[in-house]
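Commentary on secondary and tertiary structure
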2 protein chains.
Amino acid sequence: MRILKIGGALITDKSDGAFEVARLDVIESISRQLDGEVILVHGVGSFGHPHVKMYGLSREGVAKTHHACLKLNSIVCESLIRAGKHPLPVHPLEFFSSPDFDFLRSAVEEGFIPVMHGDIVYEAGRFRVMSGDEVVRILAEKLRPEAVGFASDTAVVVDGEVVELVHSGNVDSVLEATSPASGKADVTGGMRGKLEEALRIARICDVYIFSGYEKDAIRRFLSGEHVGTKVAKVF
Amino acid sequence: MRILKIGGALITDKSDGAFEVARLDVIESISRQLDGEVILVHGVGSFGHPHVKMYGLSREGVAKTHHACLKLNSIVCESLIRAGKHPLPVHPLEFFSSPDFDFLRSAVEEGFIPVMHGDIVYEAGRFRVMSGDEVVRILAEKLRPEAVGFASDTAVVVDGEVVELVHSGNVDSVLEATSPASGKADVTGGMRGKLEEALRIARICDVYIFSGYEKDAIRRFLSGEHVGTKVAKVF
C-alpha cells in the first residue's frame, strides 16, 4: 500500500481572493493515474483556508470549514468515479473521533481508494485544524505503507537542479539550501517544511516529493518508479 | 435531545425514473424550523436507491451509492448553513465502523446539529444497506432522547382521520387498520412498517409520526408540542 498526498495548491486555485475554486483539469488528470493499493489524502486549499481565516474555530467556522472541505472531497471523489475508480471518502473529523485503521486497510484490500483530506478535528474537548500533511504522517505511522508520495508543485530543487536523492550524507546541506535563511525563499517556497515532514516519515518508509504537474508522475510513483526527489528511508 | 427523521420521499423526488432530484423548497423549509438540541437523520430517496438497484453492493455500487448519499447530505447541510444553523455531517459508513456516541452527544451540546442519513455500512467483513430508520433506532437506543419524530408525508390515518394517540388500548386495531391485508394499502402506503418501527422505539421514548409538509410541524415537534400521531412510550 502507498499513501499519496496531493497538495491543496495543486488541485485548487489558492491565489489571493480565490474562494472554493477547484482545478478540475488537474483533478481529472490525477484521477486517471490512480491505480493499485493507495490511500489518497488531499489538501483543501481555497476551500478550507478562507473559512478558517474568516470565522476562526467558532461553531460557524467549524461548520462552514468542514462543509467546504467535504465539497472539495466530493469533487475529487466524483472525478475518481468518472475515471472508473472506487473512491471511499473518509473525513478526519469523523474518523479521528474514534479511529479505526483496520477499516482503512480493509477498504484498500477490497479495491477501494480511501480519500482523506485536511479538516477540522475534535480532540480532547476542542476543535483544531488537522492539515493533510498531518493526516499523512499519522496514517504512515499506523499503516506502515511501502512509500509515501507528496505531489506538490515541484520536487526539491537546489541551485536550479532537482535533488534526486536525500540521504544521510547530503541532508544537512539540502536543508540549509531550502531554508528561508539561505535567501532562496522566493524559489523554494514552503519546501523546507515539506522536507522536514518527509524526513519524519522517512523513519518509516521512502518518501518522494515530486511535481504533480509532471506527465504521469503519479502513475509512476504508484508503480514504484523513482519520481522527483526521493527521501530515502532512514535505517 | 430529540432525534428527527425526515423521509427520503419528503426531501427528494422518488417518482419512477427520478434520479438524484432534491426538493430544495422542502429542505429549506425544514432547515428554517430546526432549532435546539437535535440530531437530524434523513432518508436518501432518489439519491441512494437507484444506485443500489443498478449496481447492487459491488465495489462500483458501494462507491456510487455512498457518494450519492453524501451529495444529498451536502445539499441538506448547505441549506442548514444558509439558514444560520451549524450542521455537522456524520456518515454511517464511517461512523459505524467504530461508533463514538459521546462524540455525537458532545457535538449536540456544543450547539451543532449532527446530520446523518441512510447509507451503506461495512459490518463483519461485508457491505449492507442501513436505512435512515435503522440509524434512528440505534441512536435512540444509545442516546436515550426525549422524543423521536418521523416527518413523513402523513401522520397515521385510519378511516380518513388522524390517529392522535397510539397506546396499549388501541395499538392492535390501529396496526390492523394500517395493514396491507386490510385493503387500505393504497392510502396507508408504508405506514404499517413505520408504525412498527415507532413501537420498537416507544420502549425508549415517545415517538411522533407526522406530515413534514404541515406548516411549522417540525418546529412544533422540536418545541415539545404534540404533532400528528403520538406513539406513547410503553411503561
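Everything discussed here concerns the structure shown above.
I will try to describe carefully the structure that is included in this document. (Residues numbered from 1 in each chain as written. Chains lettered and ligands numbered in written order. Predicted model: local features only at pLDDT ≥ 70, side-chain atom pairs only at ≥ 80, totals over all residues. Heavy atoms only, no water.)

**Side note on the packing of aromatic side chains**
Note the threshold: Only centres within 6.5 Å qualify two rings of Phe, Tyr or Trp (six-membered ring in Trp) as a pair; their planes then separate them into stacked at under 30 degrees, edge-to-face at over 60, and tilted for everything else. Helical segments are the DSSP runs of H or I of at least four residues, strand segments are the runs of E of at least two, and each set is numbered from the N terminus. Exposure classes here rest on a 1.4 Å probe applied to the protein chains alone. A residue is buried below 20% of its type maximum, exposed above 50%, and partly exposed in between.
Across all of its chains, the model carries 14 aromatic pairs over all chains by this definition. Each ring, one from F127(A) and one from F112(B), has its centre 5.4 Å from the other, and the planes form 65°; the classification is edge-to-face. Of the two residues, F127(A) sits in strand β6 (residues 126-130) while F112(B) sits in the loop between α6 (101-109) and β4 (113-117), which places them in two different chains. The exposure class of F112(B) is buried, given its relative accessible area of 2%.

**Overview of empty space enclosed by the protein**
Which entries qualify depends on this criterion: Residues are said to line a cavity or pocket when one of their atoms sits within 4 Å of a point; the points come from a 1 Å grid over protein atoms alone, cavities being sets where a 1.4 Å probe fits but cannot get out and pockets being open sets with protein on both sides within 12 Å along at least five of seven lines. Grid points are joined across faces, edges and corners, and a volume is the space filled by probe spheres set on the points. Gly counts as polar in this scheme, as do all residues outside two lists: the nonpolar Ala, Val, Leu, Ile, Met, Phe, Trp, Tyr, Cys and Pro, and the charged Asp, Glu, Lys and Arg.
Scanning the model with the defined rule gives three cavities of 30 Å³ or more in all. Along the walls of the largest cavity sit 14 residues, with L70(A), S74(A), L70(B), K71(B) and S74(B) positioned nearest its centre. The dominant element in the lining of the largest cavity, judged by the number of residues it contributes, is helix α4 (residues 59-82) of chain B, at six residues. Residues that form the lining of the largest cavity fall into these classes: four nonpolar, eight polar and two charged. Within this model, the second largest cavity holds a volume of roughly 60 Å³. Lining the second largest cavity, in full, are E94(A), F95(A), S97(A), S98(A), P99(A), D100(A), E94(B), F95(B), S97(B), S98(B) and D100(B). Secondary-structure elements contributing two or more residues to the lining of the second largest cavity are α5 (92-95) of chain A together with α5 (92-95) of chain B. Looking at the lining of the second largest cavity, its residues break down into three nonpolar, four polar and four charged.

**So, the pairing of strand β5 (residues 119-123) of chain A**
All names here are of chain A. Heads up, the condition is: One requirement defines pairing of two strands: DSSP has to find at least two bridges between them.
Across the five residues of β5, four count as buried, placing the element largely inside the fold. Pairing of β5 with β6 involves five bridges; the strand directions are antiparallel. Following the sheet pairing, Y122 is matched in β6 by F127.

**A few points about the sheet that holds strand β1 (residues 2-6) of chain A**
All names here are of chain A. Under the convention used in this document: Every residue pair with non-hydrogen atoms within 4.5 Å of one another is taken to be in contact. Throughout, an axis means a line fitted to C-alpha atoms (over the contacting stretch in the case of helices), and angles, computed between N-to-C directions, take values from 0 to 180 degrees.
Within the open sheet, the eight strands sit side by side as β3-β4-β2-β1-β7-β11-β12-β10. Their pairing is mixed. In this open sheet, the two strands that pair with only one neighbour each are β3 (87-89) and β10 (165-166). Taken together, the five bridges between β1 and strand β2 (residues 38-42) define a ladder with parallel strand orientation. Paired with I6 across the bridge in β2 is H42. On top of the sheet, helix α4 (residues 59-82) reaches β2, β3 and β4 (113-117); it is set at about 155° to β4, its chief contact.

**A short note on the interface of chain B and chain A**
In plain terms, the rule: Each of two parts loses accessible area, computed with a 1.4 Å probe, when they are put together; buried area is these two losses added. Here, a salt bridge means any Lys or Arg side-chain nitrogen found within 4 Å of an Asp or Glu carboxyl oxygen.
With 34 residues of chain B at the contact, the number on the chain A side is 34 residues. Looking at the side of chain B facing chain A, the largest losses of area belong to R59(B), H67(B) and E94(B), adding up to 20% of the total buried there. Taken together, the links from chain B to chain A amount to two salt bridges. Measuring nitrogen to oxygen at the nearest pair gives 3.6 Å for the salt bridge that ties K71(B) to E78(A). At the level of elements, α4, β3 (87-89), α5 and α6 of chain B are the ones that each hand at least two residues to the side of chain B that touches chain A. Each residue belonging to the side of chain B that touches chain A can be placed in one class, and the counts come to 16 nonpolar, ten polar and eight charged.

**Things to note about the packing of helix α2 (residues 24-33) of chain A against α4(A)**
Residues and elements named next belong to chain A. Quick reminder of the rule: Roughly parallel covers angles under 35 degrees, roughly antiparallel covers those over 145, roughly perpendicular covers 65 to 115, and oblique covers all other angles. Definitions for this section: a left-handed crossing has its near helix turned counterclockwise from the far helix by less than a right angle. A right-handed crossing has that turn clockwise.
Direction vectors running N to C along α2 and α4 enclose 50°, while the axes themselves pass 9 Å from each other. Judged on the interaxial angle alone, α4 and α2 are oblique. As α2 packs across α4, the resulting crossing turns out to be right-handed. Side by side, α2 and α4 meet where L24, I27, E28 and S31 of the first sit next to L72, I75, V76, S79, L80 and R82 of the second. The residue inventory of the contact of α2 with α4, partitioned by class, reads six nonpolar, two polar and two charged.

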